[in-house]
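Analysis of the macromolecular model
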Amino acid sequence: MSPASTGASTVVGAATPVPVSDTTAADSRMTPGGPGYRRMSLALFLAGVATFALLYSTQALLPLISGEFGVAASEASWTVAAATGGLALFVLPMSALSERFGRRTVMTASLAVAVSVGLLVPFAPSLGVLVVLRAVQGAALAGLPASAQAYLAEEVRPKALVTAIGLFVAGNSVGGMSGRVITGWVAQEWGWRAAVGVIGVIAVGCAIAFRLLLPTPRHFTAGSLRPRVLLDTVRDHLANPLLRRLYAIGALFMTVFGGVYTVIGYRLTGAPFGLPQGIIGSIFLVYLVGTVSASTAGRLVGRLGRRGALYLAGGTTAAGLLLSLAPSLPLVLLGLVLITAGFFAGHAVASSAVSKTATRGRAQASALYQSMYYVGSSVGSTVGATAFHADGWSGTVGVGLLAVVGVVTITVLGTRAARVAARRELVAAH
């Protein structure tokens, strides 16, 4: 039985996966209803809340930031792109540190630095300083995503892995939602600086609770920090066609999501809607749909299979994009609901598939996914804002639809590759 099927712990520098006995270590892994599972789920849920609340704390505030600093949407969007770009750049090095010093240690240190920077963001004297602080904050947060998925792959039984990762992704959606809703209403009364300050304080509470709740890892084995070992592991992952497809799918889904939610505030403050900042912040309550779709991704895969779930997620996202073109607020909101549901379902399915596919160096496999995912966010934020500046909301929707076409195309290619492999196995068997 392969490590992917047993959930065996693997580390950078290991020539072969570390074996796990089916009757001892594998049985001691956490499972829903078992010891430590609820504490672990809550801890990582709160980590997800803090990560997304901090990472996208300026996204709903971009019209106000544009107004204070006298810049266009494409320039203000760098406060989002810098944070996601910093995360994308540092997620792989952070994953290597987690292989050496442990998942919990790296996640704790990352949150500590990120929340500290978050308390400085409200005092940024210029757009340039704000962008730099946001880049540092994103780099600090890089220790969370890949380390969390590696922690789950090592500490949770394989059959429960999709559900466990779905709960972590659900925490992301709650953090993204609450951060935007809170900042919207606080900013309406006291400005964007007070709004990001409140998010910083909330993130401090989440970080403390995370450290107190997360169970001590029982299946982690320290690995090497040698650059050559790391490069060999990364090269092996990039040589895997399935992993490459999953990385691209994550990036394309996030391109849609990053573009839509970076620009939506500008659209809703303008004609024909003219909504105030507080109401625009409340629009992000649709993230609750993402919480549900991410947490039920395991059941979706069980019914439709991984590729079937990805087709459904892509189709739902595309339908939402088309609906959002309507000059009717209810239809725009319905479009956002569909976009959010499709995105979070697709992300949960793809990210959990990465953790299952990697048979060694799981932190690096997850880190590569997260890196591409946040590259997609940065691209979506900047390209989506540029398209909006050039052609309005239809330009942003066009960028999103191209990304969805990419998701569907890659999934079709994966389906064909699976069929060819199955036929070859059948021929070999006969």
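Look up a bit, the structure's there.
The notes below deal with the structure included here. Since we're looking at a predicted model, the values are computed, not measured.

Helix and strand counts for the chain stand at 18 helices and zero strands. A compact globule built from 430 residues should have a C-alpha radius of gyration of about 22 Å, and the chain, at 21 Å, falls within 12% of that. Put simply, the chain shows about 16,200 Å² of open surface, and 68% of that area lies on carbon and sulfur atoms. With 30 positive and 12 negative side-chain charges, the chain shows a spacing of 7 Å between the two charge centroids.

Okay, the environment of Gly 406 next. With respect to the element layout, Gly 406 can be found in helix H18 (residues 393-429). Residue Gly 406 is classed as buried on the basis of its relative accessible area of 19%. With 105 residues separating them along the chain, Gly 406 and Val 301 place their C-alpha atoms 20 Å apart.

Moving on, we get to the packing of helix H17 (residues 362-391) against H18. Two numbers describe how H17 lies on H18: the axes approach to 6 Å, and their chain directions differ by 140°. Our classification of the angle between H17 and H18 gives oblique. The crossing of H17 and H18 is right-handed. Taken together, the residues of H18 that come into contact with H17 (itself represented by Val 383, Gly 384, Ala 387, Phe 388 and Asp 391) are Trp 393, Ser 394, Gly 395, Thr 396 and Val 399.

For the rest of this paragraph, the subject is helix H2 (residues 37-55). The terminal C-alpha atoms of H2, which comprises 19 residues, lie 27 Å apart, in line with the 27 Å expected from a rise of 1.5 Å per residue. With respect to burial, H2 is a largely interior element, 15 of its 19 residues being buried.

Our next topic: the nonpolar core. Counting residues in hydrophobic clusters, the biggest one holds 124 residues, and the most contacted among them are Met 40, Leu 44, Leu 152, Tyr 261 and Tyr 374. Of all the elements, helix H12 (residues 241-269) adds the most residues to this core, at 15 residues. Excluding anything up to four places from it in sequence, Tyr 374 contacts Phe 52, Leu 55, Tyr 56, Thr 84, Leu 87, Ala 88, Pro 145 and Met 254.

For the rest of this paragraph, the subject is helix H5 (residues 78-101). The end-to-end C-alpha distance of H5, which contains 24 residues, comes to 32 Å, matching closely the 34 Å that a straight helix rising 1.5 Å per residue would cover. A maximum bend of about 45° is found in H5 at Val 91, where proline Pro 93 lies one to four positions downstream. Looking at the residues trailing H5, positive phi occurs at Gly 102, about 105°.

Below, the discussion takes up the packing of aromatic side chains. This structure, assessed with the given rule, holds 10 aromatic pairs. Grouping aromatic residues by their ring pairs yields a cluster made of Phe 257, Tyr 261, Phe 343, Phe 344, Tyr 369, Tyr 373 and Tyr 374.

What follows covers the pattern of salt bridges. Throughout the structure, instances matching the rule amount to three salt bridges. With a shortest N-O distance of 2.7 Å, Arg 193 and Glu 68 are connected by a salt bridge. Of this pair, Arg 193 sits in helix H10 (residues 192-213) while Glu 68 sits in helix H3 (residues 62-69), placing them 125 residues apart in sequence. Assessed through its relative accessible area of 25%, Arg 193 is described here as partly exposed. Given a relative accessible area of 41%, Glu 68 falls into the partly exposed group. Taking the shortest distance from any N to any O, the salt bridge between Arg 235 and Asp 232 comes out at 2.5 Å. With Arg 235 and Asp 232 both in helix H11 (residues 227-238) and three residues apart, this pair spans about one turn of that helix.

Conventions we followed
Residues numbered from 1 in each chain as written. Predicted model: local features only at pLDDT ≥ 70, side-chain atom pairs only at ≥ 80, totals over all residues. Heavy atoms only, no water. Helix = DSSP H or I, 4+ residues; strand = E, 2+ residues; numbered from the N terminus. Rg over C-alpha atoms; globule rule 2.2 N^0.38 Å. Areas by Shrake-Rupley, 256 points an atom, 1.4 Å probe, with all protein chains shown as cover. Lys, Arg positive; Asp, Glu negative; His and termini not counted. Charge placed at Lys NZ, Arg CZ, Asp CG, Glu CD. Buried < 20%, exposed > 50% of the residue type's maximum accessible area, 1.4 Å probe, protein only. Axes fitted to C-alpha atoms, helices over the stretch in contact; angles between N-to-C directions. Parallel < 35°, antiparallel > 145°, perpendicular 65-115°, else oblique. Left-handed = near helix turned anticlockwise from the far one by under 90°. Contact = heavy atoms within 4.5 Å. Expected span 1.5 Å × (residues − 1). Core = buried A, V, L, I, M, F, W, Y, C linked by side-chain atoms within 4.5 Å. Bend = angle between axes of the 7 residues up to and from the residue. Phe/Tyr/Trp six-rings, centres within 6.5 Å; stacked < 30°, edge-to-face > 60°. Salt bridge = Lys/Arg side-chain N within 4 Å of Asp/Glu carboxyl O.

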